[in-house]
2 protein chains.
Amino acid sequence: MTDFTFEVQAKHGMARAGVFHTPHGDLLTPLFAPVGTQGTVKAVTPDQLSGIEASLILANTYHLYLRPGDALVADLGGLHAFMAWERPILTDSGGFQVFSLAKIRKVDEKGVTFQSHIDGSTHRLTPEKSIAIQENLGADIIMAFDECADPYDRAYSELAMQRTHAWADRCLQAKTRPDQALFGIVQGGVFPDLRRQSAERIVALGFPGYAIGGLSVGETKREMHAILEVVTPLLPESKPRYLMGVGSPEDLVNGVLRGVDLFDCVLPTRLARHHAAMTRTGRLNLTNAGFASDPRPIEETCDCYTCQRFTRAYLRHLILSKEILASTLLSIHNLRILVRLMQDLRQAVFAGRVEAFAEDFFAYRQGDAGLEEPAAA
Amino acid sequence: MTDFTFEVQAKHGMARAGVFHTPHGDLLTPLFAPVGTQGTVKAVTPDQLSGIEASLILANTYHLYLRPGDALVADLGGLHAFMAWERPILTDSGGFQVFSLAKIRKVDEKGVTFQSHIDGSTHRLTPEKSIAIQENLGADIIMAFDECADPYDRAYSELAMQRTHAWADRCLQAKTRPDQALFGIVQGGVFPDLRRQSAERIVALGFPGYAIGGLSVGETKREMHAILEVVTPLLPESKPRYLMGVGSPEDLVNGVLRGVDLFDCVLPTRLARHHAAMTRTGRLNLTNAGFASDPRPIEETCDCYTCQRFTRAYLRHLILSKEILASTLLSIHNLRILVRLMQDLRQAVFAGRVEAFAEDFFAYRQGDAGLEEPAAA
C-alpha cells in the first residue's frame with residue numbers, strides 16, 4: 001500500500017500548512033491545482049507548468065473517457081506518461097461533467113445514462129465504471145462518483161446526497177489499485193444540516209482525503225463560507241481537504257482561512273484566453289487602449305516568465321493580432337499568481353500570520369471582477 | 001561601424017559554411033530563420049525558440065508598421081526588447097507584403113500607395129519610409145525596398161527590376177544606423193538575362209549581403225534552380241546570400257547546393273497549425289486515424305522537446321480536441337527539423353560531403369507534399 005499520509009506541519013486558526021505524500025511526489029499545501037481538462041493545461045507545456053511551480057494537475061475523467069478513451073491512455077502508460085507530467089495528478093469522477101455538460105437520459109440508484117456532448121452517443125457511468133476509468137487513467141488522487149444537485153433544491157439535494165453516500169461506499173469496494181488515493185465527497189447543497197449529515201457519513205466510511213463538492217455552482221460567497229464553516233470542523237485533522245472547482249484569489253484566501261488545503265479551477269486559464277490578466281488586487285483587461293504603450297509587466301512584483309520578459313504593450317499587441325502566444329503568456333502569468341498566492345499563504349501559516357495576510361490581501365483587493373483602470377494600474 | 005563581416009569557413013562545390021557577425025551575435029550558416037510576422041513566431045515562446053537552437057528570426061515590416069506601429073516599438077526599446085528575442089533579427093522591407101496582402105492604389109517611381117488589409121486605411125511606402133520604419137524596429141539585418149512582379153511577365157519584371165535598382169540606391173542613401181546591415185535584393189523574375197543584369201547592378205552598389213527575391217511565388221523548382229545557378233556565381237564570395245521566403249526541406253538542400261546561406265519561410269509553423277508534422281522523408285498528417293494509438297514520437301531520431309516527451313497518439317488527441325498545445329508542440333518540432341537540417345548541412349560542408357548528404361537526403365525523400373502512410377511511417 002502506497003504511503004498517502006498527510007502531515008499537518010503548522011496551523012494558524014483553521015488554516016493549515018501540510019505535506020501530502022503521493023507516488024509522484026510530495027504535495028505542499030495549501031495548493032492550487034491547474035486544470036488540464038483534456039490531458040493538457042490549455043496553451044501551456046508541462047515544462048512551463050514546472051516553471052510556475054505547479055505541483056498537482058487536475059484532469060477530467062468525463063472528457064478523457066470520451067476522447068481519447070481511458071483504455072488507450074492505459075495502453076500508452078497512463079495519464080502521467082500520456083501528457084508528460086511527472087508530478088501528481090488528480091482526476092475527478094466524471095460526475096460533475098455528466099450533470100453539467102452531457103444530456104442526461106436517466107439517473108437511477110445504480111448510475112447515470114447520458115449522451116456525449118461530442119457526438120451524442122449514449123454512455124453509462126456508475127460508481128464502479130468511474131473507478132475503473134480512473135484506474136485506467138492512473139492519477140495519484142481519484143474521486144468518488146457523486147451526483148450534483150441544484151444546491152437550492154432541498155428535496156433534490158437530499159436525494160442526491162444520499163445517492164452520493166451509497167455510491168461512495170461502492171467506489172471504496174470497487175477500487176483495486178493500491179497506488180491511488182480515493183477521496184470521498186461531501187454534498188448537501190446550501191443546507192447546513194445536510195452538509196453536517198453528509199460530512200459525518202462520508203468520514204465514517206474512511207477516506208485518505210475529503211472533498212467538498214457542489215460549491216461554486218451559483219451559491220453566494222456568504223453561503224460558501226457558511227458551508228465551509230460547518231463542514232471543515234467535521235473532517236479529520238489528519239486528512240487533506242479539497243474544495244472542488246473553486247479558484248478565484250478571494251475564494252482561495254477564504255478557503256484557507258476555513259481549513260481547506262487543495263483547490264482547483266479553470267478560472268486562471270479561461271481568463272487568460274479571454275485577455276484578462278489576474279493581479280493581486282484585481283484584473284487587467286489587456287485589450288484596453290490605455291495599455292497600448294505601457295512598458296510595465298502585468299505586475300512589477302511577479303516572478304513569472306511573462307512578467308520577467310514582456311510588457312503590457314506587447315501582450316496587448318499579441319491579443320489584438322490574435323496571436324496564440326497571448327493565451328500562453330497570460331496563462332503562465334495567471335497560474336503563477338495563484339500558485340504563488342498559495343505559497344505565500346503556506347508561509348503565513350508557518351509564521352502564524354494568516355489573518356494579517358488575509359486582512360492585507362482584502363484591504364487592497366478590488367474584487368474578483370474589479371477591473372483596474374489602466375491609468376491607475 | 002558595426003562589424004558585419006562574413007567569413008566563409010569552408011566550401012564544398014558551391015555550398016558554403018560561414019559565420020556572419022551581427023550586433024546580437026554570430027550567425028552560423030547555412031541557416032533557416034523562423035518567421036515571426038507580427039513580432040512572435042506563432043505559438044512558440046522565445047525560450048522555446050532558443051531550445052530548438054534558432055539563431056535568426058525574421059519579422060515583417062509591413063505588419064509591424066500597421067500594428068502596433070514602428071514608433072511604438074522604438075519607444076519600447078526596439079523589436080529585440082519588444083518580443084524578448086536577444087539574438088539577431090531580420091526585417092523585410094514591406095515590399096513583398098504590400099504587393100501580396102494590401103490593395104495597391106498606385107505604384108510610381110517614388111513608392112507605393114496602398115490600403116491596409118486590417119482596416120482599409122491608406123498608407124504610402126517609399127524606399128526612405130521603409131528604411132525609417134526598419135530603423136525604428138532596429139533589426140540587425142534590414143532589407144532594401146523592392147517591387148515584386150509576376151515572375152512570368154517579362155515587361156513588368158523588367159520595369160519592377162529597374163525600379164528595384166533605383167530604390168536600392170535610395171535605401172543606401174537613406175540609411176543612417178551603423179548597427180544595421182542593409183541587404184540588396186536581386187529581382188528579374190524567371191528571366192536569366194534580367195537576373196544577371198540585376199545581380200550585376202545590385203552588387204555594383206555594394207551591400208554587406210545579398211538577397212534573391214521574387215522566388216517561391218509560383219515558378220517551378222527547375223526554374224528556381226536555374227535562377228540560383230545564374231545568380232549566386234555573380235554574388236561576391238565574401239558576402240552572405242539570402243533566398244527569401246523559401247523553406248521546404250527540398251528547397252533548403254537545393255539552395256545550399258547552389259551557394260545560398262540564409263533562408264526563411266512560414267511553412268513549418270503554418271503546417272504545424274494545420275496538423276502536419278514535417279519529417280526528414282516527408283510529412284505526417286496527424287489527424288489520420290492510423291496514428292490514434294501510435295506510441296512513437298513524430299521522429300525517433302528527432303531531439304526536439306516534442307519528440308522527447310510526446311507520442312503521435314497524444315499529439316493526435318490534442319489536434320482532435322482542438323487544443324492550442326497541438327500548434328505549439330508541432331511548431332517546435334517542424335522548426336527544429338529545419339534548423340537541424342541546416343546544422344547537418346553545415347557539418348557536411350566542413351566534411352566535404354554535401355553532395356553525398358544531398359544524394360542520401362533525396363533518396364529517402366518522398367516529396368514535400370508526400371504524406372507518409374501511418375502504417376509505413
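Residues numbered from 1 in each chain as written. Chains lettered and ligands numbered in written order. Predicted model: local features only at pLDDT ≥ 70, side-chain atom pairs only at ≥ 80, totals over all residues.

## Points about the packing of helix α10 (residues 249-257) of chain A against helix α15 (residues 354-364) of chain A
Residue and element names in this part refer to chain A. Running from amino to carboxyl end, α10 crosses α15 at an angle of 160°, the nearest separation of the two axes being 11 Å. If you check the angle between α10 and α15, you find them roughly antiparallel. Here the hand of the crossing between α10 and α15 comes out left-handed. Facing α10, whose interface residues are V253, V256 and L257, α15 presents V354, A358 and F361. Class assignment of the residues belonging to the contact of α10 with α15 gives a composition of six nonpolar, no polar and no charged. (Axes fitted to C-alpha atoms, helices over the stretch in contact; angles between N-to-C directions. Helix = DSSP H or I, 4+ residues; strand = E, 2+ residues; numbered from the N terminus. Parallel < 35°, antiparallel > 145°, perpendicular 65-115°, else oblique. Left-handed = near helix turned anticlockwise from the far one by under 90°. Contact = placed C-beta atoms within 7 Å. Nonpolar A, V, L, I, M, F, W, Y, C, P; charged D, E, K, R; others polar.)

## A look at the pairing of strand β2 (residues 15-22) of chain B
Residues and elements named next belong to chain B. For β2, a buried count of six out of eight residues is recorded, marking the element as mostly surrounded by other parts of the structure. One ladder, built from six bridges, connects strand β1 (residues 6-12) with β2; its direction is antiparallel. Residue pairing for β2: K11 is matched across the bridge by R16. The turn joining β1 and β2, which pair antiparallel and follow one another in sequence, is formed by two residues; a positive phi near 65° is taken by G13. Note: β2 against strand β3 (residues 25-29), five bridges, orientation antiparallel. Following the sheet pairing, F20 is matched in β3 by L27. (Buried ≥ 20, exposed ≤ 12 C-beta atoms within 10 Å, placed from the backbone. Pairing = 2+ DSSP bridges.)

## Topic: the confidence of the model for chain A
Interpreting fine coordinate detail is not advised for predicted regions of low pLDDT. In this model, chain A carries an average pLDDT of 95, and 97% of its residues clear a pLDDT of 70 or more. Residue range residues 369-377 of chain A is modelled with pLDDT below 50. Its contacts to residues more than four positions away, or to other chains, number 18 contacts. (pLDDT = per-residue confidence, 0-100.)

## Comments concerning the nonpolar core
Generally speaking, nonpolar side chains in soluble globular proteins are found buried as a group. I57 and F183 of chain A together with I57 and F183 of chain B are the most contacted members of the largest nonpolar core, which totals 248 residues. Aside from chain neighbours lying at most four places away, what touches I57 of chain A is A33, P34, G36, V41, L49, W85 and I89 of chain A. (Core = buried A, V, L, I, M, F, W, Y, C linked by C-beta atoms within 7 Å.)

## Brief notes about the packing of helix α8 (residues 192-205) of chain A against helix α9 (residues 221-231) of chain A
All names here are of chain A. The contact between α8 and α9 brings their axes to 9 Å, and the two run at 35°. For α8 against α9, the interelement crossing comes out right-handed. Note on element contacts: α9 touches α8 through A226, I227, V230 and V231, opposite P192, R195, R196 and A199. Along the lines of polarity and charge, the residues of the contact of α8 with α9 split into six nonpolar, no polar and two charged.

## Side note on the sheet that holds strand β14 (residues 262-265) of chain B
Residues and elements named next belong to chain B. Ordered by their spatial adjacency, eight strands build an open sheet running β4-β14-β13-β12-β11-β10-β6-β5, and the pairing between neighbours is parallel. Edge positions in the open sheet fall to β4 (31-34) and β5 (57-59), since each of these has one partner strand only. Across the sheet, the mean angle separating the axes of adjacent strands is 25° when strand polarity is ignored. Where β5 and strand β6 (residues 89-91) come together, three bridges link them in parallel fashion. Bridge pairing in β6 places A59 opposite T91.

## A look at the domain arrangement of chain A
Residue and element names in this part refer to chain A. Segmenting chain A into domains produces domain 1 (6-265) and domain 2 (272-364). With 26 residues of domain 1 at the contact, the number on the domain 2 side is 23 residues. Elements with a contribution of two residues or more to the side of domain 1 that touches domain 2: β1 (6-12), β2 (15-22), β4 (31-34), α1 (46-51) and α10. Looking at the side of domain 1 that touches domain 2 element by element, the count peaks at five residues for α10. (Domains from an automatic or database assignment.)

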